[in-house]
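Take a look at the letters that make up each chain.
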Amino acid sequence: MELSPAFMKTMKPKPWVLGSLMVFMLFLLLFFIQNTRYVFPEDTNNYFIDEENLKMETKQCERKLLLRRPDIRRKAALQVISPWLAPIVWDGTYDLQILNKQFKGKRIGLFVFAVKKYIQFLLPFLKSAEKHFMVGYKVTYYVFTDNTAAVQKLRLGAGRTLKLLKVKADNRWQDISMRRMQILVNLTLDQLPKEVDYLMCADVDMVFNDRVGVEILGDLVATIHPGFFISQTYQFSYDRNPASAAYIPFGQGDFYYMAAFYGGTVKEINKLSTFCHKGIVSDKQKNIEARWQEESHLNKYLLYNKPTKLLSPEYIWDTTLTNGDLVKRRRFLTVQKNHSEVRN
């Protein structure tokens, strides 16, 4: 039987039907490519969760929730990278396993002054460092004191050394504070290049309260002051005296850094301490003193020599401060004390 031409015309597929069919087939193809586990089931016995990455993602999500607050400066203070692209270290912003491989075998120094009545803080400082600071690494404690006989002996972990160095105690605590820069200049020029790769400088009237590891190491490392990390730049406690070598005018500045914890390579700490010492000497010749002594000069140096890594207020915290809800881990804590009593 022969079909009529009119019937054959009705049997031809319409163009829109062919087009729809092709789109559907393309959709199925893309679906199977992107979801192969539905076609070729995975071996669930080999499935695992990367707990470290999951933890980091969780911390980042928590921080993003905090960033929703309306305070603009607070948002800036909680960022994990500086305007010049240096990392700002918060809990969950780094992979410690990778960093341990990167810094494996590095030698670390911890520089501290313990003179006059501040000697009472040395033993708790060292005990806390043995428990939390660079555990598993070679560490040398460089302790400068005017009373070596008063230093209590402490059993140190493997690969950890205590070096006591005699220093004269000035009458004023301000002079004691500034003398540290003079000591650092000589130490980083002569002795330290042979003994350590990185040097961290700390105040003795503090204790390590949580793990502090190689995530803090870098060429030049500064810690954001916990009292100013959500302040506007004009509120920073810079030296505003144009006659001082530490002078920083209004309108300039990135962060306010605390001199209680900073560090870097021996070479970079030599540069920093040399600059600060020269500034201190220059001010003395003019019979003036920077507002916060060595800390003012340190901030001046770091304004024009940007740190390659910044530590968040987790790495210096005071339990009397407000906004503690923004700092989940408190790794290095100030010891509560009567300042007038210990400084006299």
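Residues numbered from 1 in each chain as written. Predicted model: local features only at pLDDT ≥ 70, side-chain atom pairs only at ≥ 80, totals over all residues. Heavy atoms only, no water.

Under an unreviewed UniProt entry, the name given to the protein chain is Histo-blood group ABO system transferase 2, and the source organism is Xenopus laevis. Word for word, the UniProt comment on the protein chain under Subcellular location (unreviewed entry) is "Membrane". (UniProt positions renumbered as here; feature names shortened; annotations may be inferred.)

On to the overall build of the protein chain. Summing up its helical and strand segments, the protein chain has 11 helices and 10 strands in all. Expressed as a percentage of the 344 residues in the protein chain, the buried residues total 47%. Contacts in the protein chain between residues at least 24 apart in sequence constitute 76% of all its contacts with a sequence separation of at least 6. Total accessible area on the protein chain is roughly 19200 Å²; 57% of this is exposed by carbon and sulfur atoms. (Helix = DSSP H or I, 4+ residues; strand = E, 2+ residues; numbered from the N terminus. Buried < 20%, exposed > 50% of the residue type's maximum accessible area, 1.4 Å probe, protein only. Contact = heavy atoms within 4.5 Å. Areas by Shrake-Rupley, 256 points an atom, 1.4 Å probe, with all protein chains shown as cover.)

Here we take up the sheet that holds strand β4 (residues 160–166). Strands sit in the order β1-β9-β7-β8-β5-β2-β3-β4 across an open sheet of 8 strands; the sheet is mixed. Taken across any chain shown, the strands that pair with only one partner, and hence form the sheet edges, are β1 (88–89) and β4. Note that strand β7 (residues 220–224) and strand β9 (residues 309–311) share 3 bridges and pair parallel. By the bridge assignment, V221 is partnered in β9 with K309. This element, helix α10 (residues 294–304), spans β7 and β8 (257–265) of the sheet and lies at about 55° to β8. (Pairing = 2+ DSSP bridges. Axes fitted to C-alpha atoms, helices over the stretch in contact; angles between N-to-C directions.)

On to the pattern of salt bridges. A pair can form between side chains of opposite charge whenever their charged atoms are brought close. Enumeration according to the criterion identifies 12 salt bridges in this entry. For the salt bridge of D91 with R331, the shortest nitrogen-to-oxygen distance reads 3.4 Å. With D91 in the loop between β1 and α6 (96–102) and R331 in the loop between β9 and β10 (332–334), this pair connects stretches of sequence that are 240 residues apart. One salt bridge connects D197 with R107, and the closest N-O pair in it is separated by 3.3 Å. Taken together, the positions of D197 in the loop between α8 (173–190) and β5 (198–202) and R107 in strand β2 (residues 107–113) put the pair 90 residues apart, joining distant regions of the chain. (Salt bridge = Lys/Arg side-chain N within 4 Å of Asp/Glu carboxyl O.)

Listed under "binding site: Mn(2+)" (unreviewed entry) in the UniProt record, and renumbered for this structure, are D203 and D205. Owing to a relative accessible area of 17%, D203 belongs among the buried residues under this scheme. Residues in contact with D203, not counting those within four places in the same chain, are V112, F125, R180, A259, A260 and F332. Under the relative-accessibility criterion, D205 is labelled buried at 11%.

Right, let's get into the UniProt feature "binding site: an alpha-L-fucosyl-(1->2)-beta-D-galactosyl derivative" (unreviewed entry) in the protein chain. Here the UniProt feature "binding site: an alpha-L-fucosyl-(1->2)-beta-D-galactosyl derivative" (unreviewed entry) sits at H225, E295 and D318. Along the chain, H225 turns up in the loop between β7 and β8. When near neighbours in sequence (up to four residues on either side) are disregarded, H225 contacts Y256, Y257, M258 and E295. The topology assignment puts E295 in helix α10. Discounting residues that sit within four places of it in the chain, E295 has contacts with H225, Y256, Y257, M258 and A259.

Time to look at the packing of helix α9 (residues 266–285) against α10. For the pair α9 and α10, the least separation of the axes is 9 Å and the interaxial angle reads 125°. By the angle between their directions, the pair α9 and α10 is classed as oblique. Along this stretch, α9 crosses α10, giving a crossing that reads as right-handed. Here E268, K271, L272, F275, C276, G279, I280 and D283 of α9 come into contact with α10, specifically with H297, L298, K300, Y301 and L302. Within the contact of α9 with α10, the residues separate by chemical class into 7 nonpolar, 2 polar and 4 charged. (Parallel < 35°, antiparallel > 145°, perpendicular 65-115°, else oblique. Left-handed = near helix turned anticlockwise from the far one by under 90°. Nonpolar A, V, L, I, M, F, W, Y, C, P; charged D, E, K, R; others polar.)

To continue, consider the nonpolar core. If you look at the biggest cluster of nonpolar residues, it comprises 41 residues, and the most contacted ones within it are F111, Y262 and L272. Contributing elements (two or more residues each) for this core: β2, β3 (138–145), α8, β5, β7, β8, α9 and α10. Broken down by element, this core gets its largest block of residues, 5 residues, from α9. Setting aside chain neighbours within four positions, we find F111 in contact with Y142, F144, R180, I183, L184, L187, L199, M200, C201 and A202. (Core = buried A, V, L, I, M, F, W, Y, C linked by side-chain atoms within 4.5 Å.)

All right, on to helix α7 (residues 122–132) then. Across the 11 residues of α7, 8 count as buried, placing the element largely inside the fold. When α7 is considered as a whole, its buried residues turn out to be L122, L123, F125, L126, S128, A129, E130 and H132. Packing partners of the buried residues in α7 comprise β2, β3, β4, β5, β6 (206–208) and β10.

With that settled, the discussion passes to the environment of L310. With respect to the element layout, L310 can be found in strand β9. Exposure remark for L310: the relative accessible area of 0% places this residue in the buried category. With 87 residues separating them in the primary sequence, L310 and T223 have C-alpha atoms 5.6 Å apart. Beyond its immediate stretch of four places on either side in the chain, L310 contacts S82, W84, A86, P87, I88, V89, A222, I224, F255 and Y257.

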